[in-house]
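What follows is each chain in one-letter form.
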Amino acid sequence: ICQGGIYDHLGGGFARYSVDHLWLAPHFEKMLYDNAQLITVLAKVTHATDSALFRQRIEETIAWLFTEMRAPQGGFAASYDADSEGQEGKFYIWQESEIDAALEPKIATQFKAVYDVSSGGNWEGVNILNRLHSLGQLDLHSEDQLADARRSLFEIRKERIPPGWDDKVLSDWNGLAISALATAGLRLNNDDWIVAAGQAFADVLNHLWTDDILYHSYRDGQVNNHATAEGYANLITAAVALYQATGDRNHIATAEALSSAMIKYHWDVENGGFYFSSSLAENLIVRSKYAHDDATPNANATMLAAYTDLFLLTGNTKYHQYARKIHDVFAANVQRVVVAHASFLAAFDHHSNPVQAVIVGSVKDNQTRKLSQAVLRRHPALLIYCEDTDDLPDNHVAYGKVMIDEKPTLYLCIGQTCSLPVTDPAEVPKAPQN
């Protein structure tokens, strides 16, 4: 995927899907939600494996978000169309003659060999840039030359008529993007991404969170429609992600406020679980309620994980009760169609045996960041920061544990068992594993 034509090798970002099994020919539409989810998963894998390719794709795709997807009113726009000038993909495809005219002959020859460019084309007589025949990284000098060539072609492409831009700010898709930036910023140690995530979060709430009601979309000064369950769920998850990246507990308070509204307008009081649509929505024939994933994770699955986190962060048992009820309502459906419920299964795994990384000490201490990164490289942990564990809920498994030698101290807690204190990031791998 990262080397195929589904990736925009000049401008960054991934297309919506591929129409072939090789990931060569995409449907050229670019969606915010796809790119957000890919950033998140690539950041987790890169953090664990130090993949240079994945890191490059993260950096390029985030750069694309910042340069091409920032909405005028703040937050991130929804999508770019596939078509321009009445033709799908015209903005992105190349003829060999265009490459030859743009680059020096020696560089053009190298570029065409690496990016699969030929006179006959690789897709319907034209060329979709890809590296499917050159998956590995070349030597540093060659890669630098290719990067220069890409920049030259990108400047030429900027003169073309671009696809249509949908600059609506959507609460659910922005939630995914904010989580992605916070997660990538924390794991790959980039504070600029974390700051951008916080700003986007503030922008989205400023426009779409009014009088304790969340709205679905914003454009040209107008809000439209009440938020779906995914809007609430994804922004709650974004708030928790921002807390983990910054240690700012105001984000937890925001998550709780959003949760209260979500329960008020989406919770099925009689049977449990969240309806997709709000009770404030008008002219609905039926309100659907389900747990299977679509192109994005399901709201009930997302909230099973989010309520587990909120219970661990606050000690408020109502969140644990909501999580258990979500599980009980949908467990039978999950068992019947397992493949459709990946997010729910992941959420239940987290709920049934949560991994917590409790770090005692100042969140501003650089050693705290190093400890958090070290543990996340090894464990799918929820980060919890505190100056003193007496600040934790008194029912928390790490309550009463102390800082060692006045250094930020990690307690890795799995279920109801915590590790010995860890102050050296290099010692984190010795902590117990799930």
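Located above this text is the structure these notes cover.
Numbers given for residues are sequential positions, taken from 1 along each chain in its written order. Side-chain atom pairs in this predicted model are given and counted only at pLDDT of 80 or more, local residue features only at pLDDT of at least 70, and totals for whole chains, interfaces and linings cover all residues. Only hydrogens and water are set aside; all other atoms, that is, all heavy atoms of the structure, feed into the side-chain values.

A. The arrangement of the overall build of the chain in detail. Looking only at helices and strands, the chain has 13 helices and 14 strands in total. A compact globule built from 434 residues should have a C-alpha radius of gyration of about 22 Å, and the chain, at 23 Å, falls within 12% of that. Dimensions along the principal axes, computed over C-alpha positions, put the chain at roughly 70 × 60 × 45 Å. A simple rule labels every residue: compare its accessible area, found with a 1.4 Å probe on the protein chains alone, to the largest value its type can have, and call it buried under 20%, exposed over 50%, or partly exposed in between. Across the 434 residues that make up the chain, the buried fraction comes to 55%. Between two residues, a contact is recorded if the distance between any of their heavy atoms is within 4.5 Å. Relative to all contacts within the chain whose residues are 6 or more apart in sequence, the contacts with residues 24 or more apart total 64%. Only the protein chains shown count as cover for residues, with accessible areas throughout obtained via the Shrake-Rupley method and a probe of 1.4 Å. Accessible surface computed for the chain: about 19200 Å², of which carbon and sulfur atoms make up 50%. By the criteria applied, helices consist of DSSP H or I runs no shorter than four residues and strands consist of E runs no shorter than two, each listed in order from the N terminus. For a compact globule the rule gives 2.2 Å times the number of residues to the power 0.38, and the radius of gyration it is set against comes from C-alpha atoms.

B. Quick peek at the sheet that holds strand 13 (residues 409-414). Any two strands between which DSSP finds at least two bridges are classified as paired. The four strands are arranged 12-11-13-14 in an open sheet whose pairing can be described as mixed. The open sheet has two edge strands, strand 12 (382-386) and strand 14 (417-418), and neither has a second partner. Bridging between strand 11 (residues 355-360) and strand 12 involves five bridges; their strand directions are parallel. Across the sheet, the residue bridging to Gln356 is Leu382, located in strand 12. As a rule, the C-alpha atoms of each element are fitted with a line to give its axis, helices using only the stretch in contact, and angles between N-to-C directions run from 0 to 180 degrees. The sheet strands contacting helix 13 (residues 366-378) are strand 11, strand 12 and strand 13, and the helix crosses strand 12 at an angle near 160 degrees.

C. Just a negative patch on the surface, in detail. A cluster of acidic side chains, namely Asp81, Asp83, Glu88 and Glu124, defines a negative patch on the protein surface. Mapped onto the elements of the fold, Glu88 is located in strand 6 (residues 87-88). Judged by its relative accessible area of 32%, Glu88 falls in the partly exposed class. Patch membership is restricted to residues that have no salt bridge and whose relative accessible area is over 30%. Joining uses 9 Å for like charges and 5 Å for the nonpolar side chains Val, Leu, Ile, Met, Phe, Trp and Tyr. In what follows, salt bridge is the name for a side-chain nitrogen of Lys or Arg lying within 4 Å of a carboxyl oxygen of Asp or Glu. Counting rule applied: Lys, Arg positive; Asp, Glu negative; His and chain ends not counted. Note that the charge is assigned to NZ on lysines, CZ on arginines, CG on aspartates and CD on glutamates.

D. Spotlight on helix 5 (residues 140-157). To estimate the expected span of a helix, count its residues, drop one, and scale the result by 1.5 Å. Across its 18 residues, helix 5 extends 25 Å between first and last C-alpha, which sits within 8% of the 26 Å expected from 1.5 Å per residue. Every buried residue of helix 5 is accounted for by Ser142, Glu143, Leu146, Ala147, Ala149, Arg150, Leu153 and Arg157. Seen end-on, helix 5 carries its buried residues on one side only, within an arc spanning 165 degrees. Seen from the buried face of helix 5, the exposed residues on the opposite side, beyond 90 degrees, are Leu140 and His141. Arc definition: directions from the helix axis to the C-beta atoms.

E. Quick peek at the environment of Ile39. Here Ile39 is to be found in helix 1 (residues 32-49). Considering only alpha carbons, one finds Ile39 and Ala25, 14 residues apart in sequence, at a separation of 21 Å. Once residues lying within four places of it in the same chain are set aside, the contact partners of Ile39 are Ile58, Thr61, Ile62, Leu65, Ala180 and Ala184.

F. Layout of the state of the cysteines. By convention in this document, the label disulfide applies to cysteine sulfur atom pairs within 2.5 Å. Applying the stated criterion to the full structure yields one disulfide. Covalent S-S linkage joins Cys413 and Cys418, the inter-sulfur distance amounting to 2.1 Å. Here Cys413 and Cys418 share a disulfide; its torsion about the S-S bond, 100 degrees, makes the bridge right-handed. Cys418 sits in the buried class, given a relative accessible area of 18%. Of all cysteine sulfurs, the one in Cys413 lies closest to Cys386, which takes part in no disulfide; the gap is 10.0 Å. What makes Cys386 buried here is its relative accessible area of 6%.

G. Region of the structure containing the packing of aromatic side chains. Geometry of aromatic contacts follows a simple scheme: Phe, Tyr and Trp rings, the Trp one being its six-membered ring, pair when their centres are within 6.5 Å, and the pair is stacked under 30 degrees between planes, edge-to-face over 60, tilted otherwise. Throughout the structure, instances matching the rule amount to 15 aromatic pairs. Pairing Phe330 with Phe344 gives two aromatic rings, centres 6.3 Å apart and planes at 75 degrees, and the pair type is edge-to-face. Placement of the pair is Phe330 in helix 11 (residues 317-336) and Phe344 in helix 12 (residues 342-352), with a sequence separation of 14 residues. Given the relative accessible area of 2%, Phe330 is considered buried. Connected via pairs of aromatic rings, a cluster forms that spans Trp267, Phe274, Tyr307, Tyr319 and Tyr322. Should the NZ of a Lys or the CZ of an Arg lie within 6 Å of a ring centre and within 35 degrees of the ring normal, that charge is described as sitting over the ring. Above the face of the Trp94 ring, Arg160 is positioned so that its terminal group lies 4.0 Å from the ring centre. Sitting over the face of the ring of Tyr275, Lys289 holds its NZ or CZ atom 5.7 Å from the ring centroid.

H. Up close: helix 11. In a regular helix each residue adds 1.5 Å, so 20 residues correspond to 28 Å; helix 11 covers 30 Å between its end C-alpha atoms and thus fits that length. The bend at a residue is defined as the angle formed between two axes, one fitted to the seven residues ending at that residue and one fitted to the seven starting there. At Phe330, helix 11 shows its largest bend, some 50 degrees. Residues of helix 11 that are buried include every one of Tyr319, Tyr322, Ala323, Ile326, His327, Phe330, Ala331 and Val334, and no others. Where helix 11 is buried, its residues contact helix 9 (250-266), helix 10 (299-314) and helix 12.

I. Structural view of the pairing of strand 9 (residues 213-219). Of all the seven residues making up strand 9, six are buried; the element is thus mostly covered by neighbouring parts of the structure. In this structure, strand 8 (residues 209-210) lies alongside strand 9, joined through two bridges in antiparallel fashion. Following the sheet pairing, Thr210 is matched in strand 9 by Ile213. With four bridges connecting them, strand 9 and strand 10 (residues 222-226) associate as antiparallel partners. From the neighbouring strand, Tyr215 faces strand 10, where its bridge partner is His226. Hairpin geometry of strand 9 and strand 10 is characterised by an intervening segment of two residues between the two adjacent antiparallel strands and by a positive phi of about 50 degrees at Asp220.

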